[in-house]
Amino acid sequence: MATTTDVLAEITGMLVEILGDEFLLAEEVTMSTSFNEDLALESIEFVALAELLHERYGSGVDLMGFLAEKDMDAILAMSVGELVTHISLVTHASLARTSPGASKAAPAAATAPASTASAPTAG
């Protein structure tokens, strides 16, 4: 499983690809780096980042969906750390669903409602 440091490094690499080496050499990307204030990311650059995230992590990491859940102030204040945390949570949840133990638990959970639904009701 990727660590927070790994995800931060991958996002930094994506930002270098989008913004160019020269820009990011002057700006160290940390968990507290803001996309708007520090990196001045424009909407087209968010789209490019979304595409790179999709290529790397799959459809589970939906940057546009993640942004859609936020109001404008939250989007403007969003830090790289928030995105790293989101990616870590999504990828961790995805791994949990695909682990061998998770697949055995799913059928039991699916049958539980059916058995309670067939219980007689007082009439």
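Check the entry above for the structure.
Residues numbered from 1 in each chain as written. Predicted model: local features only at pLDDT ≥ 70, side-chain atom pairs only at ≥ 80, totals over all residues. Heavy atoms only, no water.

A. Region of the structure containing the overall build of the chain. For the chain, the helix and strand inventory stands at seven helices and zero strands. Walking the chain from its N terminus toward its C terminus, one meets helices and strands in the order α-α-α-α-α-α-α. Split into buried and exposed, the 123 residues of the chain put 28% on the buried side. Within the chain, counting contacts between residues at least 6 apart in sequence, those at least 24 apart form 60% of the total. (Helix = DSSP H or I, 4+ residues; strand = E, 2+ residues; numbered from the N terminus. Buried < 20%, exposed > 50% of the residue type's maximum accessible area, 1.4 Å probe, protein only. Contact = heavy atoms within 4.5 Å.)

B. Up close: the environment of G13. In this fold, G13 is placed in helix α1 (residues 4-19). Residue classification places G13 among the partly exposed positions, given a relative accessible area of 37%. Between the alpha carbons of G13 and V29 there is a distance of 9.9 Å; along the sequence they are 16 residues apart.

C. Geometry of the packing of aromatic side chains. In total, this model carries one aromatic pair according to the counting rule given. Seen in terms of ring centroids, F35 and F46 are 5.4 Å apart; in terms of plane orientation they differ by 50 degrees. Their pairing is tilted. Taken together, the residues span a long stretch of sequence, with F35 in the loop between α2 (21-25) and α3 (43-57) and F46 in helix α3 at a distance of eleven residues. Side by side, F35 and F46 carry an identical accessibility label, which is buried. Here the guanidinium or amino end of R56 rests over the ring plane of Y57, the centre of that ring lying 4.7 Å away. (Phe/Tyr/Trp six-rings, centres within 6.5 Å; stacked < 30°, edge-to-face > 60°. Lys NZ or Arg CZ within 6 Å of the ring centre and 35° of its normal.)

D. Local environment of α3. Here α3 spans 21 Å end to end across 15 residues, near enough to the 21 Å set by a 1.5 Å rise per residue. Among the residues of α3, E45, F46, L49, A50, L52, L53 and Y57 are the ones counted as buried. Remark: G58 follows α3 within two positions and exhibits a positive phi of approximately 90 degrees. (Expected span 1.5 Å × (residues − 1).)

E. Region of interest: α1. End to end, α1 covers 22 Å across 16 residues, agreeing with the expected 22 Å (1.5 Å per residue, within 8%). Looking one or two residues past α1, G20 carries a phi angle of roughly 100 degrees, positive in sign.

F. Focus on the environment of V29. Along the chain, V29 falls in the loop between α2 and α3. Considering only alpha carbons, one finds V29 and A9, 20 residues apart in sequence, at a separation of 8.7 Å.

G. Representation of the side chain of H86. Its place among the elements puts H86 in helix α6 (residues 80-98). Excluding its chain neighbours within four sequence positions, the residues that come into contact with H86 are D62 and F66.

H. Local environment of the pattern of salt bridges. Scanning all chains against the criterion turns up two salt bridges. A salt bridge links E82 to K70; the shortest N-O distance between them is 3.2 Å. With a gap of twelve residues between them, E82 in helix α6 and K70 in the loop between α4 (63-68) and α5 (72-77) connect regions that are remote in the sequence. (Salt bridge = Lys/Arg side-chain N within 4 Å of Asp/Glu carboxyl O.)

I. Main features of the nonpolar core. Residues I11, F35, L49, L53, L63 and L83 are the most contacted members of the largest nonpolar core, which totals 26 residues. Elements supplying a minimum of two residues to this core: α1, α3, α4 and α6. For F35, the residues in contact, after removing those within four places along its chain, are L15, A40, L41, F46, L49, M78, S79, V80 and L83. (Core = buried A, V, L, I, M, F, W, Y, C linked by side-chain atoms within 4.5 Å.)

Everything listed here is a matter of coordinates, which is why it stays silent on function.
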